[in-house]
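Residue-level structural notes
For reference, the chains in residue letters:
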Amino acid sequence: AMERLAELKSVLDLLPCPVIVLPGNHDPAPELFYQVMPAPPEEMDIAGTRLLSFVDPERPGYNAERLPADLARMRTARHKHNGPIIALQHVPVLPPGQTACPYGYANIADIMEINADQAITLTVSGHHHRVAGIGETATEQPADGQVVLNDQHAGHGRNVLRSQTGCVRSWARD
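Residues numbered from 1 in each chain as written. Predicted model: local features only at pLDDT ≥ 70, side-chain atom pairs only at ≥ 80, totals over all residues. Heavy atoms only, no water.

What follows concerns the environment of Arg 66. Following the sequence through the fold, Arg 66 ends up in the loop between β4 (63-64) and α3 (68-75). Taking the relative accessible area as the measure of exposure, Arg 66 reaches 1% and is therefore buried. A polar atom in the side chain of Arg 66 sits 3.4 Å from the side chain of Tyr 105. (Helix = DSSP H or I, 4+ residues; strand = E, 2+ residues; numbered from the N terminus. Buried < 20%, exposed > 50% of the residue type's maximum accessible area, 1.4 Å probe, protein only. Polar contact = N/O pair within 3.5 Å; in protein donor to acceptor, adjacent residues only side chain to side chain.)

Model confidence for the chain is summarised by a mean pLDDT of 79, while 74% of its residues fall at 70 or above. For the chain, strand β7 (residues 146-151) is the element with the lowest average pLDDT, namely 32, and α3 is the one with the highest, namely 98. Overall, residues 133-174 carries pLDDT values under 50, and its contacts beyond four positions in sequence, including any with other chains, amount to 72 contacts. (pLDDT = per-residue confidence, 0-100. Contact = heavy atoms within 4.5 Å.)

The next point concerns helix α4 (residues 108-117). Regarding α4, the residues found buried are Ile 108, Ile 111, Ile 114 and Asn 115. The buried side chains of α4 occupy one side of the element, clustering within an arc of 130 degrees when seen end-on. Facing away from the buried surface of α4 by more than 90 degrees, the exposed residues are Ala 109, Ala 116 and Asp 117. On its buried face, α4 is in contact with α3 and β6 (122-124). Positive phi appears at Ala 119, one or two residues downstream of α4, with a value of about 50 degrees. (Arc of directions from axis to C-beta.)

Below, the structure is given as structure tokens:
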């Protein structure tokens with residue numbers, strides 16, 4: 001695993017932009033992971049957007065928990081910053097019971113409350129490898145509060161649905 005991380009790092013080192021790399025549950029433990037990869041800053045401002053990085057400890061069932069120090073960091077994210085804020089973490093930050101994603105946070109209510117209070121613009125996560133509709137023909141139409149993007153990837157016309165809760169679905173255009 002460490003050799004593959006080193007190989008990935010050599011590719012990332014070629015990029016002419018800042019890179020934030022967060023470990024997932026298939027990676028070595030963070031203390032080993034960050035012997036190869038650069039540790040992310042707790043916050044980074046790029047072009048008026050503040051990025052917050054979180055390496056949350058895993059909990060049973062491949063879930064996670066946001067630690068009190070990181071919740072406190074979220075509460076001060078707006079300090080001297082009026083632009084967009086993006087939270088980066090491995091486990092999806094989703095309202096319980098509103099998506100098909102089986103993973104979440106032990107303290108999701110605290111995270112969602114702070115996201116609202118601090119007007120966190122976007123959360124970006126990985127972890128859930130299969131989301132309904134991706135790579136399939138889905139018939140769902142966008143619901144209120146969801147955004148449809150026009151995706152011309154590889155010449156295949158598809159609508160991509162990105163909801164405010166982080167779910168992503170796509171379906172072929174008629």
